[in-house]
Amino acid sequence: GAVVSQHPSRVICKSGTSVKIECRSLDFQATTMFWYRQFPKQSLMLMATSNEGSKATYEQGVEKDKFLINHASLTLSTLTVTSAHPEDSSFYICSASYSGETQYFGPGTRLLVL
Amino acid sequence: QKEVEQNSGPLSVPEGAIASLNCTYSDRGSQSFFWYRQYSGKSPELIMFIYSNGDKEDGRFTAQLNKASQYVSLLIRDSQPSDSATYLCAVSSGGSNYKLTFGKGTLLTVNP
């Protein structure tokens, strides 16, 4: 149980384009979903927390207009990286929680912006 | 600033030995503690969590929590080469959104 999927697993795009990443909880309803970013050899950095039907809460230093998060249902959250630039290249990972604190992670999306 | 500290390693142990991974945290209000395993290039997977002082065992894994010392550890018994990964300690202070603060992780290598 507690399976989380992400799509796509890998994306390469040109600088200036927008990229949408989907996060789905497959076998449970996620009351809260989290989006993280991880640079090589670094730990996970929380970008934002989202609850179904409400606006996402962004961490300090994360631009909400650049990283658009939509939590449309209890099983789906999307992260859109708008006008992506090479410095946005990273490993983006979502997690979902249904019981409160325990977070279950998706497999991650590797973004490369050329 | 809430901090979670881990020795980055690498920690090398021979196959069959006990691997001991340690974590300290700065926020005394922390309530829940998690250990995740992350293989290279993959996302983290939950190993176990602990809420109360003392030991919690799950198969070959034992989590130990000492809130007075702000210290949490993970023991891996009978270590296997497949246990080679980065182990992330994560701490939650509770609240309405259950955010986790992660340490940078300890790289464990189990040598055959």
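Trainee: Which residues make up the pairing of strand S4 (residues 32–38) of chain A, and what are the values?
Mentor: All names here are of chain A. Most of S4 sits out of view: 7 of its 7 residues are buried. Judged by which residues are buried, S4 turns out to be covered on both faces: Thr32, Phe34, Tyr36 and Gln38 on one side and Met33, Trp35 and Arg37 on the other are all buried. Direction of pairing for S4 relative to strand S5 (residues 45–51): antiparallel, over a ladder of 6 bridges. In the sheet register, phenylalanine 34 faces S5, and the bridge partner there is threonine 49. Linking two consecutive strands that pair antiparallel, namely S4 and S5, is a turn of 6 residues; a positive phi of about 60° is found at lysine 41 within it.

Trainee: Got a sec to walk through the sheet that holds strand S8 (residues 76–81) of chain A? Specific residues and values, please.
Mentor: Residue and element names in this part refer to chain A. As summarised here, the arrangement of the 4 strands in space is S1-S3-S8-S7, forming an open sheet in which the pairing is antiparallel. The open sheet terminates on both sides in strands that have one partner only, identified here as strand S1 (4–7) and strand S7 (67–73). Within the sheet, the average angular offset between the axes of one strand and its neighbour, ignoring direction, is 15°.

Trainee: Quick rundown of the layout of surface pockets? Include the residues and the values.
Mentor: Volume-wise, the largest pocket comes out at about 840 Å³. Taken together, 31 residues make up the lining of the largest pocket; nearest its centre are Met45 of chain A together with Gln1, Lys2, Thr101 and Phe102 of chain B. Elements with a minimum of two residues in the lining of the largest pocket: S5 of chain A together with strand S1 (4–6), strand S9 (85–92) and strand S10 (100–102) of chain B. When grouped by side-chain class, the residues that make up the lining of the largest pocket number 10 nonpolar, 14 polar and 7 charged. A volume near 630 Å³ is recorded for the second largest pocket. Along its surface, the second largest pocket is lined by 24 residues, and Gln38, Pro40, Lys41 and Gln42 of chain A together with Thr86 of chain B are the ones closest to its centre. Mapped by element, the contributors of at least two residues to the lining of the second largest pocket are strand S9 (90–97) and strand S11 (109–113) of chain A together with S9 of chain B. The leading source of residues in the lining of the second largest pocket is S9 of chain B, at 3 residues. The residue inventory of the lining of the second largest pocket, partitioned by class, reads 8 nonpolar, 12 polar and 4 charged.

Trainee: Describe a nonpolar patch on the surface, with residues and values.
Mentor: On the surface, a cluster of nonpolar side chains totalling about 300 Å² of accessible area is made up of Ile12, Leu112 and Leu114 of chain A. With respect to the helices and strands, the residue leucine 114 of chain A is situated in the segment after S11.

Trainee: Before we move on, can you summarise the pattern of salt bridges with the specific residues and values?
Mentor: For the structure shown, the criterion picks out 7 salt bridges over all chains. The closest approach of N and O atoms between lysine 66 of chain A and aspartate 88 of chain A, which form a salt bridge, is 2.9 Å. With lysine 66 of chain A in the loop between strand S6 (57–58) and S7 and aspartate 88 of chain A in the loop between S8 and S9, this residue pair connects regions lying 22 residues apart in the sequence. Take lysine 66 of chain A and aspartate 88 of chain A: they sit in the same class, and that class is buried. Three or more residues are tied together by salt bridges with common partners; here these are Arg37, Glu45, Arg60 and Asp83 of chain B.

Trainee: Report on the environment of lysine 99 of chain B, specifying residues and quantitative values.
Mentor: Checked against the element boundaries, lysine 99 of chain B lands in the loop between S9 and S10. Between the C-alpha atoms of lysine 99 of chain B and glycine 29 of chain B, which are 70 residues apart in sequence, the distance is 13 Å. Each residue touching lysine 99 of chain B, except ones within four places of it in the same chain, is listed here: Phe34, Leu46, Thr49, Glu59 and Gln103 of chain A together with Val91, Ser92 and Ser93 of chain B. At 3.0 Å, the side chain of lysine 99 of chain B and the side chain of glutamate 59 of chain A are in polar contact.

Definitions and cut-offs
Residues numbered from 1 in each chain as written. Chains lettered and ligands numbered in written order. Predicted model: local features only at pLDDT ≥ 70, side-chain atom pairs only at ≥ 80, totals over all residues. Heavy atoms only, no water. Buried < 20%, exposed > 50% of the residue type's maximum accessible area, 1.4 Å probe, protein only. Helix = DSSP H or I, 4+ residues; strand = E, 2+ residues; numbered from the N terminus. Pairing = 2+ DSSP bridges. Axes fitted to C-alpha atoms, helices over the stretch in contact; angles between N-to-C directions. 1 Å grid on protein atoms, 1.4 Å probe; cavity = no way out; pocket = protein on both sides within 12 Å on 5 of 7 lines; lining within 4 Å. Points joined across faces, edges and corners; volume = space filled by probe spheres on them. Nonpolar A, V, L, I, M, F, W, Y, C, P; charged D, E, K, R; others polar. Patch = residues over 30% accessible without salt bridge, like charges linked within 9 Å, V, L, I, M, F, W, Y side chains within 5 Å. Areas by Shrake-Rupley, 256 points an atom, 1.4 Å probe, with all protein chains shown as cover. Salt bridge = Lys/Arg side-chain N within 4 Å of Asp/Glu carboxyl O. Contact = heavy atoms within 4.5 Å. Polar contact = N/O pair within 3.5 Å; in protein donor to acceptor, adjacent residues only side chain to side chain.

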